[in-house]
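Chains, contacts and geometry: an overview
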Amino acid sequence: MKNNKNISGAEAVIKSLIKENVDLVFGYPGGAIMPVYDEFFKFQDKVHHVLTRHEQGAVHAAQGYARSSGRVGVAITTSGPGATNLVTGIADAQIDSTPIVCITGQVSAHLLGSDAFQETDIIGISMPVTKWSYQITKASEVPVAIAKAFYIAKSGRPGPVLIDITKNAQFEMFDFNYKKCIGIRSYSPIPKIDKNKILDAAKLINAAKKPLIVWGQGVIIANAEKEFKSFVEKSGIPAAWTILGASALPTSHELNVGMVGMHGNYGPNILTNQCDLLIAIGMRFDDRVTGDTNSYAKQAKIIHLEIDPVEIDKNIKVDVPVLGDCKESLAMLSKNIKTKSYKNWLKIFDDLMKKEFNKVIKNDLSPKKKGLTMGESIIAINKLTKGKAIIVSDVGQHQMVACRYANFIESRSNITSGGLGTMGFALPAAIGAKMGAPKREVVAVIGDGGYQMTIQELGTIFQHKLPVKIVILNNDFLGMVRQWQEMFFDKRYASTEMVNPDFVSIAKAYFLDSEKVENRSDLEPAVKRMVESKKPYVLEICVEKEDNVFPMIPSGASVSDIRLE
């Protein structure tokens, strides 16, 4: 597409998106963004717009698209409430390092600050939860601002960017010229790797007797799965993952020892406080991973591979920080370490996993109870999708169970709201995930509480005929909160029991195939029908009302205090 003379700011928005190879946008129109939507109509053969049923649905869909495709997701809305409805998703993207660009309409420049109809200071509101936000008041600013937005969103540690465009800027005419942004003065998104730090890290690794790797989403963001696998296999070191790091290394890999964190596996949590070397890769030492930081890995030397300097020593003091892109630093590190194995050390992980199996997993997957469990539901899904599906989970007990029991065999297979813990995330995120990876099966796993927060996005699924599979694990409770109430508030179930509607009938009202499962004998056949369907499908699975998720580290406790019951 050639640059054009004398075009409107609104047309420049669309042409700028096309220049950034954007062919899919999620959004919701309104008065202050209407000129841009008029241009969407003219360019609908080049940019496909997905009308969600709520602006929050648009931003979560953009997140799901970014997470499954590795590209920048785009959401667009109007001013005022349209813009503010994006904020939860923007905050979610910020803490989970998801590259999205949000474009909002705004009242005309001469009305700014006058409390005009649907005027909101979205720049002021969004500034704490964006990598960058900018208000365009003149048409000529459009191409430069959008080019910077995409560069900032996807470079270094990714994140959300917001561009607010006044209505007058959308109507104004100017000579359009677009240049992609390739750098910004004073912004260095990828630190240069210090080779001395690589050598220091290698020295510690080669000398370690009981090392442990904990990796996070940074491995996936850097597209460093190959380098990471090579590093793990050459080092022989057991490796555990954070929730967002799941799927970077296949679940079945012999050195994959499970999940760390509040509801992670028993072995890697306990042994975090017994290892002599902790190698953190692309993770930020979140409190749900560390528990009490005063007792976290105090006996160990700590190496931290990280792209964001802000994360170094922020929560946990480290001995050797290795700043840089981990795709590069892992390759450099692999060249400087010895090929080793830790048979006796790995046996301890195996022994602790056997203990967890006997105390927890056996009951989750082969229960004596009459009612269905979340664990056996996830196993049925995993079996019938052959582990190839992208699992998009919401927030709560089912999220922990999905992460624990899904068998991931390829990267970008686990999409969930990590740091912010946003209920209502999964349904719209699954829409974006499917559109970002159309050849892959996408299964949304959602609790009955979170499902009702964005249930209207069933309309988006129906309108766009997206073959997303939706599993509602229904226990008629806000299950995670109820578990805490049971364990720490003497079973005072304050405002956590749900009186739910007929989910099957609601799905059918949206013209979607749907069924409900209550008996164990019906579970696998129902999941099979869902997986084999070429259309959208809603499957409600009624699970035990008061099942708890274990293992569990009580809030504020040490990782060594993890409980199996």
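Scroll up to find the structure.
The present account deals with the structure reproduced in this document. Not measured: the values here are computed from a predicted model.

What counts, and where the lines are drawn
- Residues numbered from 1 in each chain as written.
- Predicted model: local features only at pLDDT ≥ 70, side-chain atom pairs only at ≥ 80, totals over all residues.
- Heavy atoms only, no water.
- Phe/Tyr/Trp six-rings, centres within 6.5 Å; stacked < 30°, edge-to-face > 60°.
- Helix = DSSP H or I, 4+ residues; strand = E, 2+ residues; numbered from the N terminus.
- Buried < 20%, exposed > 50% of the residue type's maximum accessible area, 1.4 Å probe, protein only.
- Lys NZ or Arg CZ within 6 Å of the ring centre and 35° of its normal.
- Contact = heavy atoms within 4.5 Å.
- Disulfide = S-S within 2.5 Å.
- Salt bridge = Lys/Arg side-chain N within 4 Å of Asp/Glu carboxyl O.

Considering the packing of aromatic side chains
What the rule picks out here adds up to 13 aromatic pairs. With centroids separated by 5.4 Å and ring planes inclined at 70°, the aromatic side chains of Y451 and F503 adopt a geometry described as edge-to-face. Taken as a pair, Y451 in helix α19 (residues 448–451) and F503 in helix α22 (residues 503–509) lie far apart in primary sequence, 52 residues in all. Like Y451, the residue F503 is buried in the burial classification. Here the guanidinium or amino end of R482 rests over the ring plane of F477, the centre of that ring lying 5.8 Å away.

Here we look at the environment of I302
By secondary structure assignment, the location of I302 is in strand β13 (residues 301–306). Along the chain, I302 and D319 lie 17 residues apart, while their C-alpha atoms are 5.2 Å from each other. Leave out the neighbours within four places in its chain, and I302 touches L277, L278, F285, A297, I316, K317, V318, D319 and V320.

Considering the state of the cysteines
A full pass over the atoms with the stated rule returns zero disulfides. C275 takes part in no disulfide bond, and the closest cysteine sulfur, belonging to C326, lies 20 Å away. With no disulfide of its own, C403 lies closest to C326 among cysteine sulfurs, the gap being 20 Å. Under the relative-accessibility criterion, C403 is labelled buried at 1%.

Remarks on the pattern of salt bridges
In this structure the tally under the stated criterion is 26 salt bridges. A salt bridge links E565 to K359; the nearest nitrogen and oxygen atoms lie 3.5 Å apart. Of this pair, E565 sits in the segment after β20 (537–542) while K359 sits in helix α15 (residues 343–365), placing them 206 residues apart in sequence. A relative accessible area of 40% places K359 in the partly exposed class. With its nearest N and O atoms 3.4 Å apart, the salt bridge here joins D490 to R492. Taken together, the shared-partner salt bridges in this structure form one network comprising R157, D308, E311 and K314.

Read these as layout, nothing more, since geometry by itself doesn't imply function.
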